[in-house]
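Now for the letters of each chain:
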Amino acid sequence: MQILGLDLGNAKLKLCLIRFQGDLESSEIVWASQPLPLTSDRRDDFESGIPLALMSFCLKNSLKLSEIAGVAVCSSHSYSYDRFHESVDHLVEILGKVFKQCPVFLVSALGTLTPIEAIQALAPAEKYRYVLTNFVGSATLATRQIQNGLSIDLGTTTLDIIPIVNGQIDPVGLQDPDGYLRFRYSQNRIHWLGLTIVPLHSLCERVELSTGSFQIVPRHYRTDLIFALLAESAESDPTLLEEHAYGQSFPSPERARNQLCQLIGLDPFLVSEAEILELRDLLYARLRDKAAAAIQAVTRDCFGGVKPELEVAVYALGESLLARPALLQAGFEACQLRGLALKRETGLWSASSVFAMALLALERLTGQRFELEGTAL
């Protein structure tokens, strides 16, 4: 049985294929992140880009669409539309044209799968439970690993902090699944603190280096410059960073140095190597501080603060680069942190959202529930 999961973003499509062989450990699980067109005509970008990305993935993995038994999809591409519910309508339309021989489901904020045919009949307000659902993947995996604590998904763009209570995804917030997006933004569940595209000027307006105070230039400099200069550390994998990057384009260390100098209005002739690294570390600390504060806020509101009995399931690209340091700063101990052990050597943990979609489709079609072994971080 061959099952496909999709995670559609504004400029990339993540895919995960499970060639199921009776259990997850024995099954082949492959994933990829494919860039999508990014033009002024967003509808056409998705109409042309999704089929092409699927075709590329299928060719690389000797897969025919007719061999797929089922597909589950989450998405975070709604910002490409004036009204977010229109993104759901358009996605259902595209998926219906591409997959004609197998069941296709959209995941809701509740973590349930809905056939795309049933979504077409919903009122606009009811479609908002299918908007920005990429957080559901990691939260679903977390319910297989912890009972009480947090699901942390820190990827290229956002940090999702979702409480897991008695093995359930955010039961307080999800009392109104159609209003959950508003709830997430108002209750610290989602933050724009990702590894690659967050504007650096959102972290601070000035930087205080040991050699002086400098104004931040509010141009297009992003957080990927920080991690390009941390890429030589043992905690990072440059290949994985490039795979997940928008357009699969990740800055070289040389480019990162040049643009970090420009961030304070200068260039590498005027800024020493020591100052560049000091600037990198200062910006990283600001990013970590913001992530830690956000984690503390949700933990305090949902559990009364960090407690020894709580556990944290950590996923996505920023697992070790930012999420773990932020959690430790927030007051958690290393023994409370869990990661995904399955196929760890393939980086499956970094593609948690789309792997979970394939897993949910597999469970829907087989009637089984699969538990997942955790690994200490």
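Notes on the structure in this doc start here. Just so it is clear, the model here is predicted, and its values are computed rather than measured.

### Describing the sheet that holds strand 1 (residues 2-8)
Then, number 1: Spatial strand order, 3-2-1-4-5-6: 6 strands in an open sheet with mixed pairing. Each having just a single partner strand, strand 3 (28-35) and strand 6 (113-115) make up the two edges of the open sheet. Each adjacent strand pair in this sheet contributes to an overall mean axis angle of 25 degrees, direction not counted.
Then, number 2: Where strand 4 (residues 68-75) lies against strand 5 (residues 104-107), 3 bridges are found, and the strand directions are parallel. Its bridge partner lying in strand 5, Ala72 is registered against Phe105.
Then, number 3: Strand contacts of helix 2 (residues 84-98): strand 1, strand 4 and strand 5, with the helix running at about 160 degrees to strand 5, the strand carrying the most contacts.

### Let's talk about the nonpolar core
Then, number 1: Of all hydrophobic cores here, the largest spans 97 residues; its most connected members are Ile152, Leu283 and Phe355.
Then, number 2: At 12 residues, the largest contribution of residues to this core is made by helix 9 (residues 273-303).
Then, number 3: Phe355 has contacts with Cys16, Ile18, Ile29, Leu141, Leu340, Leu342, Leu348 and Leu372, leaving out every residue within four places of it along the chain.
Then, number 4: With 38 residues, the next largest nonpolar core counts Leu8, Ile50, Val131 and Leu181 among its residues.

### Focus: the packing of helix 9 against helix 10 (residues 319-330)
Then, number 1: Between helix 9 and helix 10, whose axes approach to 8 Å, the crossing angle comes to 60 degrees. Between helix 9 and helix 10, the angle is such that the two are oblique. Relative to helix 10, the crossing made by helix 9 is right-handed. Contacts between helix 9 and helix 10 pair Tyr284, Leu287, Arg288, Asp289, Ala291, Ala292, Ile295 and Gln296 from the former with Leu321, Leu322, Pro325, Ala326, Leu327, Gln329 and Ala330 from the latter.
Then, number 2: Among the residues forming the contact of helix 9 with helix 10, the class breakdown is 11 nonpolar, 2 polar and 2 charged.

### Quick notes on a nonpolar patch on the surface
Then, number 1: Together, Leu52, Met55 and Leu59 make up an exposed nonpolar region whose accessible area comes to about 350 Å².
Then, number 2: The residue Met55 is located in helix 1 (residues 42-60) in this model.

Basis of the calculations
- Residues numbered from 1 in each chain as written.
- Predicted model: local features only at pLDDT ≥ 70, side-chain atom pairs only at ≥ 80, totals over all residues.
- Heavy atoms only, no water.
- Pairing = 2+ DSSP bridges.
- Helix = DSSP H or I, 4+ residues; strand = E, 2+ residues; numbered from the N terminus.
- Axes fitted to C-alpha atoms, helices over the stretch in contact; angles between N-to-C directions.
- Contact = heavy atoms within 4.5 Å.
- Core = buried A, V, L, I, M, F, W, Y, C linked by side-chain atoms within 4.5 Å.
- Buried < 20%, exposed > 50% of the residue type's maximum accessible area, 1.4 Å probe, protein only.
- Parallel < 35°, antiparallel > 145°, perpendicular 65-115°, else oblique.
- Left-handed = near helix turned anticlockwise from the far one by under 90°.
- Nonpolar A, V, L, I, M, F, W, Y, C, P; charged D, E, K, R; others polar.
- Patch = residues over 30% accessible without salt bridge, like charges linked within 9 Å, V, L, I, M, F, W, Y side chains within 5 Å.
- Areas by Shrake-Rupley, 256 points an atom, 1.4 Å probe, with all protein chains shown as cover.
- Salt bridge = Lys/Arg side-chain N within 4 Å of Asp/Glu carboxyl O.

No statement about biological role is implied by the geometric values presented.
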